[in-house]
Protein chains: 2
Amino acid sequence: MSTLFLRTLREDPADAEVPSHKLLVRAGYVRRVAPGVYSWLPLGLRVLRAVENIVREEMNAIGGQEISLPALLPRDPYEVTGRWNEYGDALFRLQDRKGNDMLLGPTHEELFALLVRGEYSSYKDLPVTLYQIQTKYRDEERPRAGILRGREFVMKDSYSFDLDQDGAAASYQAHRGAYQAIFDRLGVKYVIVKATSGAMGGSASEEFLADSEVGEDTYVRSIETGYAANVEAVITPVPDAIAIEGQPAAQVYETGSTPTIATLVDWANATLDRTVTSADTLKNILVKVRAPGKDWQIMGIGIPGDRDVDMKRLEASLEPAEVALLDDADFAKTPELVRGYIGPAGVKNAGGTYLVDPRVVSGTRWITGADEQGKHVVDLVAGRDFEPDGTIEAAEVRDGDLTPDGTGTLLSAKGIEIGHIFQLGTKYTDAFEVDVLGETGKPVRLIQGSYGVGVSRLVAVIAEQCHDDKGLRWPKSVTPYDVHLVIAGKDAAVVEGAEKLAADLDAAGLSVLIDDRKASPGVKFKDAELLGMPAVVVVGRGFAGGTVEIRDRFAGTAEEVPVAEAVAILSAR
Amino acid sequence: MSTLFLRTLREDPADAEVPSHKLLVRAGYVRRVAPGVYSWLPLGLRVLRAVENIVREEMNAIGGQEISLPALLPRDPYEVTGRWNEYGDALFRLQDRKGNDMLLGPTHEELFALLVRGEYSSYKDLPVTLYQIQTKYRDEERPRAGILRGREFVMKDSYSFDLDQDGAAASYQAHRGAYQAIFDRLGVKYVIVKATSGAMGGSASEEFLADSEVGEDTYVRSIETGYAANVEAVITPVPDAIAIEGQPAAQVYETGSTPTIATLVDWANATLDRTVTSADTLKNILVKVRAPGKDWQIMGIGIPGDRDVDMKRLEASLEPAEVALLDDADFAKTPELVRGYIGPAGVKNAGGTYLVDPRVVSGTRWITGADEQGKHVVDLVAGRDFEPDGTIEAAEVRDGDLTPDGTGTLLSAKGIEIGHIFQLGTKYTDAFEVDVLGETGKPVRLIQGSYGVGVSRLVAVIAEQCHDDKGLRWPKSVTPYDVHLVIAGKDAAVVEGAEKLAADLDAAGLSVLIDDRKASPGVKFKDAELLGMPAVVVVGRGFAGGTVEIRDRFAGTAEEVPVAEAVAILSAR
């Protein structure tokens, strides 16, 4: 440590909010260069490499072959799949000296599909899984928490190519198992949640979320059933239909100025002969939707009035189409839509599509807009008085909602995405016509999977899950050094004894960080806690009597042991 | 090999001109993604990693500490040192979503200086050497030869920081030694040449050039003395001055239309009473020069008329100033300069600086322009009739020129730059005021060194130096696999025997690539030669009799050896 490029800091960095960020900076593991762009100093790089190696071993174990594609990529392939535009501002775009558009790769589905097309031509070549551990770039709107969400980061991305759906499913399951092995070896606590596929396209998808208070990914889980899903992926259980026969006829009322659910409920309770809650009302949200290459279309979404629309769920349901709320100009152009009093009929009259929450089943009756200023309709029955064009998952998910199978209740939790597995299907292989000659002599379109692990993010996640108020606490699998050896004394015998012990530990296969600085034992102990090696050995006062102290950074315990036994004890841990 | 992501090609790629490019593509080591941007396939990545590890070991051996800085960098530090502009089109520039200027790092002098400033504050912390093995970006005007000159490439760059010049010299020598060790271990044939420092600034500098016919770097060397230098760095030996006394007076002649050296020499031989060659004339080249932040200034350069100006040497001499030839508009604005008849006086009358080739010593006499249309002056004596403002290395270097010490003669050769070591001095530490508190309590400005190894380029260089017409031939230090084991037979006994031998080799610490494909022995042998592992083992016809064949890819020899001895023989190589 007297020569190690390391300076620990007493103070938390001003821009740090989460513990891992504070500690990794204070302990000299990383340094900020620009927002979301960090340098890895010696100790940090050792942790990063340890994580990389575990990921590499588990990828190799499922037959993955490591390659390395460039980060600087031409525009063309991303133009073909539409992602050049779809990525929006999150894509770092640039031009070379000849004016060619290029980008910094955020993920490499296109390039791997093209690569396989270029090399392989026969069904005999398949299946294949290729991966890389590579620096990736995304121009995050809000880079945060140090290396937790950076704009330059290290990712393991792999891609499988299979001849059929069974093969694709097997590749997906192999990755699922490898990811479990990786995260288990890293000692990360995590949950696997069903996910939508986001901008990646495709069908089946799961996310690996690390448990964390500071996570940005909200998901829901059911303690009773073990179900866990990304909020965007939650499927609302559909209630049974209700008999229409015998229900009262719909009736339009002058409701006065009641443009909100709250004012409408107040009117209803004052007027109608029953108790009404917001859940009895049908709220109609107007949006416009633009499918890729198409024009904007009006869409109305009917959801029970006690719930808000969750825009992320709505966007996920409509993807890859864009969605936006109607603005004043849109309403001005569409007199059929009477703001505050919109009903299902108004949406259809305006030429819009009308979708409803899955809870709006046939036979449910609603208080909703009558499409005239100051008027609402009561006892409007779904399936009798209006017929939606379909259902949509757009309503917010709340604690206590039922699981999709109806047997459990959902509770929200927060996590950090550390892995993501996708069955892409043929989205990219269609785009580039990635075919091989099949066994029957006919071309077979390959089925692609895409799988990512946030390698640099995992360093922050482990720090986030493994720390206390004194500093970091690295699991053995990724610790920069196995043993932190503190020389707590100036006697030549102590220094020599420490150096001999370090050499013995090294010979036993344990890596050792020796604190040989001219600093007080107190300063050294504080730094040892901050840096977080799992075992700290103190060679000091007891050495003359033949003992050293072994401290366990996780348990917080300390014991004096005979010097002669120290190597054996530390090796056995 | 039946599952390896590898397809060898029969044909050379259309865009490939040099052997390493052809072979690395044909053998499936790399694939092109865009001009100067390549993917590394499994075998190529193994070679790249092997080179990286040798570089890492030797850097660690001289006390280098590995860290990793981002490739995506903010503009500011490069603006401070002027390199944001100086790099010209070679710098990949981009803007992030907020409109901030960023760049892809071509080299990291600025960032390392800032990093050390941020961490270190006392003389006790020094010296320090930091390095990274990282992907770098340069928008080369002519990316060529595959990975030999790419736009995205892997480089080891290191930076030393010292308190004084002796320390800086020691760090420089340590790197010099490490680089020799690296290139020796890689089996690369190279020469160390004195170099100018290019855009890096600073004082002492040497380049490591690999011997290669296809090299773009021309250098000169002297067989007699061992001197070797970049053409830009060659120092012209200065002849002794000649006595002025007794020399004839300068005389102006009407020379008619003699705007070129050839026409002037013809005139002189027809008119004067002696034999004149172009070496007796003084050619005055007019340029304009712009120092950073200054205006363009006229400069005249006088060189013996038998030599041309070498623009690269001129640019190197004037760096960091820009230099350009005078254009018609410039001449139109400067009537003192009479094109074709310019003399030293005209340059000074035009307000220009007048520099001469080092051979133009006091007492030399010249035929040169008289600054009037159709007139030249004969017997113009340096130090008597004109006084240059100084000398400049701008004339071309020719085979047969003397070495700087005058004891040898120079011959030109071609090489590929694989390493470069610089003493930067305080160029960057001045820019960022990188000081520490010195032993006496006063601030000490640190002295920086900068050292680069072209890691990915070395893969091409090794391929370039180690191949024959059949394919690649990897040295043991970087070969993707130690042994290429060809199964040349379908008998179960042959296959099992080959697999057992592979397992034994693996247990002995030798990595093995097994060709278990359903292909003819001929196809397999051809691929083995193309892929280039140093040892090829054939398990085939002789196996029933207890032998296998061992082929040496370098020597081209083959011998049948008992199966039982194969491991020992291969291990002993």
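Reading guide: rules and limits
- Residues numbered from 1 in each chain as written.
- Chains lettered and ligands numbered in written order.
- Predicted model: local features only at pLDDT ≥ 70, side-chain atom pairs only at ≥ 80, totals over all residues.
- Heavy atoms only, no water.
- UniProt positions renumbered as here; feature names shortened; annotations may be inferred.
- Helix = DSSP H or I, 4+ residues; strand = E, 2+ residues; numbered from the N terminus.
- Buried < 20%, exposed > 50% of the residue type's maximum accessible area, 1.4 Å probe, protein only.
- Contact = heavy atoms within 4.5 Å.
- Areas by Shrake-Rupley, 256 points an atom, 1.4 Å probe, with all protein chains shown as cover.
- Lys, Arg positive; Asp, Glu negative; His and termini not counted.
- Charge placed at Lys NZ, Arg CZ, Asp CG, Glu CD.
- Salt bridge = Lys/Arg side-chain N within 4 Å of Asp/Glu carboxyl O.
- Pairing = 2+ DSSP bridges.
- Axes fitted to C-alpha atoms, helices over the stretch in contact; angles between N-to-C directions.
- pLDDT = per-residue confidence, 0-100.
- Domains from an automatic or database assignment.
- Least-squares fit on C-alpha atoms with pLDDT ≥ 70 in both.
- Left-handed = near helix turned anticlockwise from the far one by under 90°.
- Nonpolar A, V, L, I, M, F, W, Y, C, P; charged D, E, K, R; others polar.
- Polar contact = N/O pair within 3.5 Å; in protein donor to acceptor, adjacent residues only side chain to side chain.
- Phe/Tyr/Trp six-rings, centres within 6.5 Å; stacked < 30°, edge-to-face > 60°.
- Lys NZ or Arg CZ within 6 Å of the ring centre and 35° of its normal.

In the annotation of an unreviewed UniProt entry, chain A is listed under the name Proline--tRNA ligase and assigned to Gordonia jinhuaensis. The Sequence similarities (unreviewed entry) field of the UniProt record for chain A holds the comment "Belongs to the class-II aminoacyl-tRNA synthetase family. ProS type 1 subfamily." In the Subunit (unreviewed entry) part of its UniProt record, chain A is described as follows: "Homodimer."

**As for the overall build of chain A**
Looking only at helices and strands, chain A features 15 helices and 31 strands. Taking all 573 residues of chain A together, the buried fraction comes to 55%. For chain A, long-range pairs separated by at least 24 residues make up 69% of all intrachain contacts whose partners lie at least 6 apart in sequence. For chain A, the accessible surface area stands at approximately 23,700 Å², while carbon and sulfur atoms represent 49% of it. When the 62 basic and 87 acidic side-chain charges of chain A are each reduced to a single mean position, those positions are 6 Å apart.

**So, the pattern of salt bridges**
Side chains carrying opposite charge are able to pair once their charged atoms draw close together. In the structure shown here, the tally under the stated rule is 95 salt bridges over all chains. Across the pair Arg-151 of chain B and Asp-96 of chain A runs a salt bridge, and its minimum N-O distance is 2.9 Å. Of this pair, Arg-151 of chain B sits in the loop between strand E7 (128-137) and strand E8 (152-162) while Asp-96 of chain A sits in the loop between strand E5 (93-95) and strand E6 (101-104), placing the two residues on different chains. We classify Arg-151 of chain B as buried; its relative accessible area is 4%. Measuring nitrogen to oxygen at the nearest pair gives 2.9 Å for the salt bridge that ties Asp-527 of chain B to Arg-517 of chain B. On the criterion of sequence distance, the pair formed by Asp-527 of chain B in helix H14 (residues 521-531) and Arg-517 of chain B in the loop between strand E28 (512-515) and H14 is long-range, its members being 10 residues apart. Assessed through its relative accessible area of 2%, Asp-527 of chain B is described here as buried.

**Considerations on the sheet that holds strand E13 (residues 251-254) of chain B**
Residue and element names in this part refer to chain B. Strand order in the open sheet formed by 3 strands is E13-E19-E18, and the pairing between neighbours is antiparallel. On the outer flanks of this sheet lie E13 and strand E18 (365-372), each paired with one strand and no other. Averaged over all neighbouring strand pairs, the angle between strand axes comes to 30°, with direction disregarded. Summarising the sheet, E13 and strand E19 (residues 375-381) pair through 4 bridges and their orientation is antiparallel. By the bridge assignment, Glu-254 is partnered in E19 with Lys-375.

**Quick look at the confidence of the model for chain A**
For chain A, the mean per-residue pLDDT works out to 93, and 99% of the residues sit at or above 70. Confidence drops under pLDDT 50 across residues 197-202 of chain A; counting only partners more than four residues distant or on other chains, this segment forms 21 contacts.

**Considerations on the pairing of strand E21 (residues 411-425) of chain B**
Moving residue by residue along a regular strand, the side chains alternate between the two faces of the sheet. Residue and element names in this part refer to chain B. For E21, the tally of buried residues reaches 11 of 15 residues, placing the bulk of the element in the interior. Strand direction decides the pairing type here: strand E10 (residues 205-211) and E21, joined by 7 bridges, are antiparallel. Bridge pairing in E21 places Glu-207 opposite His-420. In the sheet, strand E11 (residues 217-221) pairs with E21 via 5 bridges, with the strands oriented antiparallel. Across the sheet, the residue bridging to Val-220 is Ser-412, located in E21. Bridge count for E21 against strand E24 (residues 447-454) is 6 bridges, and the pairing is antiparallel. Paired with His-420 across the strands is Gly-452, a residue of E24.

**Re the environment of Thr-258 of chain A**
All names here are of chain A. Tracing the sequence through the fold places Thr-258 in the loop between strand E13 (251-254) and helix H7 (261-271). Each C-alpha atom, one on Thr-258 and one on Gly-340, is 7.3 Å from the other, the two residues being 82 residues apart in sequence. Excluding residues that lie within four positions of it along the chain, Thr-258 makes contacts with Thr-263, Leu-264, Trp-267, Gly-340, Tyr-341 and His-376.

**A word on the domain arrangement of chain A**
Here chain A is described as being made up of domain 1 (19-234 + 412-464), domain 2 (251-391) and domain 3 (481-572). Placing a centre on the C-alpha atoms of domain 1 of chain A and another on those of domain 2 of chain A gives a separation of 39 Å.

**Let's talk about the relation of the copies chain A and chain B**
After a rotation of 179° and a shift along the axis of 0.0 Å, chain A superposes on chain B with an RMSD of 0.3 Å. Expressed as an axis order, the relation between the two copies is that of a two-fold axis. Closest approach to the rotation axis within chain A is made by the C-alpha atom of Leu-94 of chain A, at a distance of 2.7 Å. The overlap is high: 100% of the interface residues of chain A also sit at the interface in chain B, so the same surface is used on both sides.

**Side note on the packing of helix H2 (residues 42-61) of chain A against helix H12 (residues 455-465) of chain A**
Helix-helix packing is described using two parameters, namely the angle between the two axes and the distance between the axes. All names here are of chain A. In the contact formed by H2 and H12, the axes pass within 9 Å of each other and the chain directions differ by 115°. Crossing of H2 over H12 shows right-handed handedness. Only Val-455, Ser-456, Leu-458, Val-459 and Ile-462 of H12 make contact with H2, whose side of the interface consists of Val-47, Leu-48, Val-51, Glu-52 and Val-55. Residue composition of the contact of H2 with H12, grouped by class: 8 nonpolar, 1 polar and 1 charged.

**As for the interface of chain A and chain B**
Of the residues lining the interface, 51 residues belong to chain A; the matching set on chain B comes to 51 residues. Our count for the contact surface shared by chain A and chain B stands at 12 salt bridges. Between Glu-119 of chain A and Arg-31 of chain B there is a salt bridge, with the nearest N and O atoms lying 2.5 Å from each other. Taken together, the connections running from chain A to chain B amount to 20 residue pairs in polar contact (both at pLDDT 80 or more). Looking at the side of chain A that touches chain B, its residues break down into 30 nonpolar, 4 polar and 17 charged.

**Details of the packing of aromatic side chains**
Residues and elements named next belong to chain A. Applying the stated criterion across every chain yields a total of 20 aromatic pairs over all chains. Judged by centre distance (6.2 Å) and plane angle (70°), the rings of Tyr-354 and Phe-386 are edge-to-face. A residue pair is termed long-range when its members are at least 10 positions apart, and Tyr-354 in strand E17 (residues 353-356) and Phe-386 in the loop between strand E19 (375-381) and strand E20 (390-391) qualify at 32 residues. For Phe-386, a relative accessible area of 7% corresponds to the buried category. By the ring-pair criterion, three or more aromatic residues cluster together here, those being Tyr-179, Phe-183, Tyr-190 and Phe-208. Across from the ring centre of Phe-525, 4.1 Å away, lies the NZ or CZ of Arg-551, which sits over that ring.

**Things to note about unusual backbone geometry**
All names here are of chain A. Each neighbour pair has its own omega, and for Leu-126 with Pro-127 the value is -5°, a cis peptide bond. The backbone phi angle of Asp-379 is positive, close to 60°, even though this residue is not glycine. For Asp-379, the position within the fold is in strand E19. A relative accessible area of 11% means that Asp-379 is categorised as buried.

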